[in-house]
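Tertiary structure, described
Listed here are the chains, written in short residue letters.
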Amino acid sequence: MSTRAKLGGICLLSYAIGVLLSPYFLPTDFLTVNVAPLFIDKLLLSAQHISITNDDALNNEENVVELELTPMKYEAPYKQVIGDDDDPFHGVDIVLHRNGEPDPCMRQQQQQQSQLDGDASSSFTLLEKLLERLGVTIANDNSDDEAASSTASSKESMSPLSQSILRSTEQFAKPLSFDSKYDLDATLTHAFATNTQSIFSNAQSSCGPTWEQDPTKPHYLDQVNENYNLLSSYSSLLKYCDMGIDRTPIQPDHNNLVRLAQVKSLPCTFHTREGLRVTSLSMLVELAREVKSDEGECEVGDNNEESDQTCTSSSISNDSGGNARKELHLYAVSAGRVFMFAPKHVGEVFELPHVKGPQGLPVSLQVMSLTPRVFDIYNFFNRDESAAIVDKALKETSETHKMKRSSTGASGYNLNSKRTSENGFDTHGKEAQIVKRRCMDILGFDEYEESLTDGLQVLRYNKTTGYFPHLDWIDDPRKKEEHNFDSAGIGSNRFATILLYMSDLEAGDGGETLFSHGWPAGQAEEEHVQLDDAIDALRASGDVEGILKRDSWEEKMVANCRSRLAVRPHSSRAVLFYSQHPDGSVDQSSLHGGCPVITDQPKWAANLWAWNSIRGGFPGSPKNEHVVEKNRAANKSPENDQQKHATFINDKSDESMRHAQLFFQDTFWGNYGFGDPPLGINTFKGHKWHVRVDGEVIKSFTIGRDKKQEFHI
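I will try to describe carefully the structure that is included in this document. (Residues numbered from 1 in each chain as written. Predicted model: local features only at pLDDT ≥ 70, side-chain atom pairs only at ≥ 80, totals over all residues. Heavy atoms only, no water.)

**So, the sheet that holds strand E31 (residues 708–712)**
- Strand order in the open sheet formed by three strands is E28-E25-E31, and the pairing between neighbours is mixed. Pairing within the sheet leaves two strands with one partner each, and these edge strands are strand E28 (679–684) and E31. In this sheet, adjacent strand axes meet at a mean angle of 30° when their direction is disregarded.
- Alignment of strand E25 (residues 643–649) against E28, held across six bridges, turns out to be antiparallel. (Pairing = 2+ DSSP bridges. Helix = DSSP H or I, 4+ residues; strand = E, 2+ residues; numbered from the N terminus. Axes fitted to C-alpha atoms, helices over the stretch in contact; angles between N-to-C directions.)

So this is what it looks like as structure tokens:
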């Protein structure tokens, strides 16, 4: 009798586990997708790692099944981070957005928190009742009832997010660390995308891919699904996070990514509305605590409709019982892609407390336009930095970097009659490096990568000079260049530009940055001025009479600058705009130009181009292999022939170099001591690099003409 009862208990538990695992082996049906997650998942969570054992010491005929509750593998380290007493995710709902989209695609069930808090204990009670129906009594091997109660209480005190994260960690074979951003990316993606474990009520939601799949090139996850029927257990978020082999650019840290368990797909990265990347569990905990302590507010559009509502990273909602809850908004970025801000309306402000400008002032963005995406940046740089950058540009003597007539094109030095400005480059100067790093902080990068930036381009516009509207995104439709510029695929291209203005020009002086597809902020459609009317008004004003020729491109530019969206320069002003959409496709609305200056005072400016992946000239940059092979066969010099790659190696043979540091001129570049790895740097012929110890220059190197060079100390 006792043996049969125990066998029945084992069969019941085997059935429960089988129902849970069946989606991974058999086609799913209504029960496994919709019912099993509501019962079996919570049952196994509360009665984790159940072991049924015989008790030979029992002499009576009572049927006994012993259930041993053991914590999940990562429960102890998890609680060390979040704390044992108060789960910070209680009362906080996760709201998920796709990159660059202000409206959420998934929202945590508001009633689920209170439901799941009590479900763990009720599921276990249900298990007791089921086994009792079979005449089986559940015995806890922990004789201390108080300790057993404490264990159950610990389970019940976990929030739905904590439960989902811990369940997801169980799926990974490799050891995980809550301090690793790569491990956290994979864990959160799994927790959000797994139907049977997700905290979201609408797992099959609008968080899927934003692009149309080429039917001739099926996504590799579809092939996995055909062979193993695994995708039925995951939401469409999985394909959004992993865009596929043909749509995932290779970032410098690509080999560090942790693939999801079972399907082996790439994870998303997760950012706040303000662009701060979530890099550890402790950071996520801190964000949740900030949300709970914040009053939270929403900015509402002029018509006061809910659809125009723009909420910050923390906002308030109410559950079904009328209890106030907080929302933590996270923005999912596909693997290989880069974060982009998600503006809702013109005038919206993004406070960036994690980015500090000069004198430690907080940096913020204000939306100037939605199409194209243009933002004013406040407290980004100051007049001292501006003056230093201009001064260095004027003193530069190298042929590749000194001030000269601006050129255009993907490669080579090509003059354009519609670009009459002058420009030079500052790639390694002290102020340039500070500004470049600040730019990348604003754009949502948690680590600075030189290979994702161009040098700081310094521009000078004298009277009558300007630049016809153009895209910063480099077009190579026939793939004639060695570099692959197809950013919608696996190529890399400029995705964002930050403009820095370094001189003051008054209204009517020209020199604005024109966005040809934009309209002035706040201007009603009936107030839009068309080009012909703008030209008539300009001629009537006499402002360009005797300065610009009639019917010239310069005259049309000035007219457009007075009727379309235009940014007037003033010293220390900065502007951000995007040249790509979040999926890497070109944003044609980012067409822009430099309006001709019509005063004697020159316009000074600078810009930084940020790339969506490794740019040309750096190791690992994407290539059009057919062009590479063609050039190699023709013995043609590769692209970026002016650029040299230098490697600085400490041979550890000179004790005086134990704590050496490498500088470009006066700019610190990196530690160069005994315990430091070699420094690989893209530089140019004639550049001087200094080795310093305790601030004193011990040795200097000058870059020669060879494409690859090594320098040893």
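**A word on the nonpolar core**
- In this structure, Leu96, Phe192 and Leu237 are the most contacted members of the largest nonpolar core, which totals 52 residues.
- When residues of this core are assigned to their parent elements, the largest contribution, seven residues, is made by helix H7 (residues 181–193).
- In contact with Leu96, other than residues within four places in its own chain, are Pro104, Cys105, Met106, Phe192, Phe200, Cys207, Leu237, Phe270, Leu330 and Ala332.
- In terms of nonpolar packing, the next biggest core, distinct from the first, is built from 43 residues, Tyr331, Val363, Met403 and Leu452 among them. (Core = buried A, V, L, I, M, F, W, Y, C linked by side-chain atoms within 4.5 Å. Buried < 20%, exposed > 50% of the residue type's maximum accessible area, 1.4 Å probe, protein only. Contact = heavy atoms within 4.5 Å.)

**What about the pairing of strand E12 (residues 374–378)?**
- Across the five residues that make up E12, a large majority, four, are buried.
- Across five bridges, strand E11 (residues 362–369) lies against E12 in antiparallel orientation. The residue bridging Gln366 from the neighbouring strand is Asp376, located in E12.
- What sits between the antiparallel neighbours E11 and E12 is a turn of four residues.
- Pairing analysis gives four bridges linking E12 to strand E22 (residues 574–578), with the strands arranged antiparallel. Residue pairing for E22: Ile377 is matched across the bridge by Ala574.

**Observations regarding the packing of helix H13 (residues 531–541) against helix H14 (residues 553–561)**
- Where H13 meets H14, the closest approach of the two axes is 8 Å, and the angle between their N-to-C directions is 100°. If you check the angle between H13 and H14, you find them roughly perpendicular. Contact with H13, carried on its side by Leu531, Ala534, Ile535, Leu538 and Arg539, involves Glu555, Lys556, Val558, Ala559 and Asn560 of H14 and no other residues of that element.
- Residue composition of the contact of H13 with H14, grouped by class: six nonpolar, one polar and three charged. (Parallel < 35°, antiparallel > 145°, perpendicular 65-115°, else oblique. Nonpolar A, V, L, I, M, F, W, Y, C, P; charged D, E, K, R; others polar.)

**What about the state of the cysteines?**
- Enumeration according to the criterion identifies three disulfides in this entry.
- Between the sulfur of Cys105 and that of Cys207 lies a disulfide, 1.7 Å long from S to S. The sign of the S-S torsion, about 75°, decides the handedness of the disulfide formed by Cys105 and Cys207: right-handed. You can see Cys105 sitting in the loop between strand E2 (92–98) and strand E3 (106–107) and its partner Cys207 sitting in the loop between H7 and helix H8 (220–228), a full 102 residues away along the chain. (Disulfide = S-S within 2.5 Å.)

**So, the packing of aromatic side chains**
- This structure, assessed with the given rule, holds 19 aromatic pairs.
- An angle of 65° between the planes, with centres 6.2 Å apart, marks the rings of Phe380 and Phe381 as edge-to-face. Residues Phe380 and Phe381 agree in their burial class; the two are buried.
- Ring centres of Phe701 and Phe711 lie 4.9 Å apart, and the angle between their planes is 45°; this geometry places the pair in the tilted category. Placement of the pair is Phe701 in strand E30 (residues 696–702) and Phe711 in strand E31, with a sequence separation of 10 residues.
- When its relative accessible area of 9% is taken as the criterion, Phe701 is described as buried.
- Aromatic ring contacts, followed pair by pair, group Phe339, Phe341, Phe350, Phe375, Phe445, Phe495 and Tyr578 into a single cluster. (Phe/Tyr/Trp six-rings, centres within 6.5 Å; stacked < 30°, edge-to-face > 60°.)

**Re the sheet that holds strand E23 (residues 592–594)**
- Taken together, the four strands give an open sheet; going across it, the order is E18-E23-E20-E21, and neighbouring strands pair in antiparallel fashion. The strands lining the two open edges of the sheet, one partner per strand, are strand E18 (467–470) and strand E21 (565–567). Within this sheet the neighbouring strands show an average axis-to-axis angle of 20°, counted without direction.
- In the sheet, strand E20 (residues 513–515) pairs with E21 via three bridges, with the strands oriented antiparallel. Residue Leu514 lies in a different strand from E21, and its bridge partner there is Ala566.
- Here H14 sits on the sheet in contact with E18, E20, E21 and E23, set at roughly 65° to E18.

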